[in-house]
Amino acid sequence: KLDQKGSDHCLKMNDRFGFYLTKVAGIDNAHNLHAVHIKDILSTSMGNLQASAQFNYMFDIPWLIQQYPVEFRSKPLLIVHGMQRETKAEYDMAAMNYSNVKLCQAKMEIMYGTHHTKMMLLLYDNGMRVVITTANNIHQDWYQKTQGVWISPLFPKLDKGEASAGDSDTHFKKDLLEYLSAYKLNGLKEWQEHIKQHNMSSAKVFILGSVPGRHLGEKKTAFGHLKLRKILQEHGPSVSEVKGWPVVGQFSSIGSMGPNKDNWLCAEWRESLSTAKGLGGLRTADAPLKLIFPTKDNIRLSLEGYPAGASVPYSIHTAKKQQFLHEYFHQWRAEVQGRSRAMPHIKTYLRMSPDSKKIAWFAVTSSNLSKAAWGALEKKQSQLMIRSYEIGVLFLPQMFGAEKFFEVQDKECQNSGEFPVPYDLPPTPYTKQDRPWLWDIPYKDLPDTHGNMWCPS
Ligand SMILES: O=C(O)c1ccc(Nc2c(-c3ccccc3O)nc3ccccn23)cc1C(=O)O
């Protein structure tokens, strides 16, 4: 269905970028025309599935199996997770009911890391697809939230002796293989082989991966925010073109980033996201930073009500150590996509023109605003320490035949060149009364959409 040029005047061209939002229940269906549900991704219209691999943080295994068409439910399924102890045992138990399901536990050797990566590898009889998303493999992540999905083109199988390594200008295949080999898991070897046997030259996005470790030397720029810095240094906009353009970060959780902005956020991290091509030494005036994170009232008045906040785990213990963040906060507003009340679990990052009509690049990823996900430089900046597994994709205009920048799509129907940014630009600052959503304190003053209060135990 996704490759069919629908009759609906808006439907065509929506696979230009391969970037979609998930369907949201309870809003005008006009806002779901370009959106996808997990059942659409796994449907027979996408290919005759032979086997699949599902990378994620949270799994409801029976629910996941139900999302496959009945004829695909007994195909080999590899589940890659990072759970340990009781939760690992729960997953092992749940999988026992399905003889076609195998589990693969990612090694979590650095404290506080998570296996956050949300990715599907789909092997068909005539090729394969890679899908990178922000949604967990549980019902509520695909029900009333704003989530992002990138669906690759169908990558054809390489002929046996085919010379070309089947890679793209963005080194998509090489970077995906480098990411998977970093797990050092025998259980992934067969999928690394499947990827080697397919022609991925049609991939126009860059891979942004994170793998736990202390990455140095050549590997220092292979993952995390230094990978993004490296791509922007080489292929990004020129310094003169984006001088003073704001960096926008949008996410659903926030890690601890030190007592002031210059520890990591407005130094190392913003340095990478505001990188431009050319005169490396030329320090552009610091790029303005706009951070989009739901307010308490965004959550309270959302389609789900306060329970949406269970997926926005920002703790008061962390928040009170970094009040400086507050000045950068902006509300969640997505009138453009009819999703102001569909709380964000998507994570996106972009560089926006001052008039907010253009963007120099766009990234969608599992990475929240945290050192665990993006990495933090250590030992006199000689190594990048990352705690979690993450993956995302970066869109650069020139890879999609756009002149210099992407025009921001400012209404539902997308014209060819416009990029469908999932929320309203420019972002709306918090009011004086607004507070960031904190998930571990009670809210008993005002009821939510369903008339309930929030009393976390
Ligand atoms: O995407 C997201 O915003 C996201 C954010 C955090 C997250 N981890 C997480 C963790 C945790 C466990 C171990 C070490 C670090 C941790 O943060 N404990 C909870 C509890 C409830 C919800 C999430 N929790 C998972 C996701 C996700 O949905 O994948």
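Residues numbered from 1 in each chain as written. Predicted model: local features only at pLDDT ≥ 70, side-chain atom pairs only at ≥ 80, totals over all residues. Heavy atoms only, no water.

**Remarks on the overall build of the chain**
The number of helices and strands found in the chain is eleven helices and 20 strands. What you see for the chain is a C-alpha radius of gyration of 21 Å, in line with the 23 Å of a compact globule of 457 residues. Seen along its three principal axes, the alpha-carbon backbone of the chain occupies a region of about 60 × 55 × 50 Å. Taking as baseline every contact in the chain between residues at least 6 positions apart, the subset at least 24 positions apart corresponds to 76%. (Helix = DSSP H or I, 4+ residues; strand = E, 2+ residues; numbered from the N terminus. Rg over C-alpha atoms; globule rule 2.2 N^0.38 Å. Contact = heavy atoms within 4.5 Å.)

**A few points about the packing of helix 6 (residues 224–235) against helix 8 (residues 265–273)**
Direction vectors running N to C along helix 6 and helix 8 enclose 40°, while the axes themselves pass 7 Å from each other. Taken together, the axis directions place helix 6 and helix 8 in an arrangement best described as oblique. Across the interface between the two elements, His225, Leu226, Leu228, Arg229 and Leu232 from helix 6 touch Glu268, Trp269, Glu271, Ser272 and Leu273 from helix 8. (Axes fitted to C-alpha atoms, helices over the stretch in contact; angles between N-to-C directions. Parallel < 35°, antiparallel > 145°, perpendicular 65-115°, else oblique.)

**Let's talk about the confidence of the model for the chain**
Residue-level pLDDT values for the chain average 94, and 94% of them are 70 or greater. Predicted confidence is poor over residues 1–13, with pLDDT under 50, and the contacts of this stretch with residues over four places away or in other chains come to 21 contacts. Among the prediction metrics, the complex's ipTM stands at 0.93, with pTM recorded as 0.96. (pLDDT = per-residue confidence, 0-100.)

**What to know about the packing of aromatic side chains**
What the rule picks out here adds up to 34 aromatic pairs. Judged by centre distance (5.0 Å) and plane angle (85°), the ring pair of Tyr349 and Trp374 falls under edge-to-face. You can see Tyr349 sitting in strand 15 (residues 348–352) and its partner Trp374 sitting in helix 11 (residues 371–374), a full 25 residues away along the chain. Residue class for Trp374 comes out buried when judged on its relative accessible area of 3%. Ring geometry for Trp437 versus Tyr443: centroids 5.0 Å apart, planes at 35°, classification tilted. The class for Trp437 is buried, based on a relative accessible area of 0%. (Phe/Tyr/Trp six-rings, centres within 6.5 Å; stacked < 30°, edge-to-face > 60°. Buried < 20%, exposed > 50% of the residue type's maximum accessible area, 1.4 Å probe, protein only.)

**Quick look at the pairing of strand 19 (residues 390–395)**
A large share of strand 19 lies buried, amounting to six of its six residues. Side chains Glu390, Gly392 and Leu394 project from strand 19 onto one buried face, and the interleaved Ile391, Val393 and Phe395 project onto a second face that is buried too. As paired elements, strand 9 (residues 206–210) and strand 19 share five bridges and run antiparallel to each other. Counterpart to Gly209 in the pairing with strand 19 is Ile391. Relative to strand 19, strand 16 (residues 358–365) runs antiparallel, the two being bridged by four bridges. Each bridged residue has a counterpart across the sheet, and for Thr365 the counterpart in strand 19 is Gly392. (Pairing = 2+ DSSP bridges.)

**Quick notes on the nonpolar core**
Formed by 112 residues in total, the largest nonpolar core has its most connected members in Leu265 and Phe395. When sequence neighbours within four positions are dropped, the list of residues in contact with Leu265 reads Met257, Arg270, Leu289, Leu291, Phe324, Leu325, Tyr328 and Leu369. Residues Ile41, Trp63, Leu64 and Leu77 belong to the second largest nonpolar core, which totals 28 residues. (Core = buried A, V, L, I, M, F, W, Y, C linked by side-chain atoms within 4.5 Å.)

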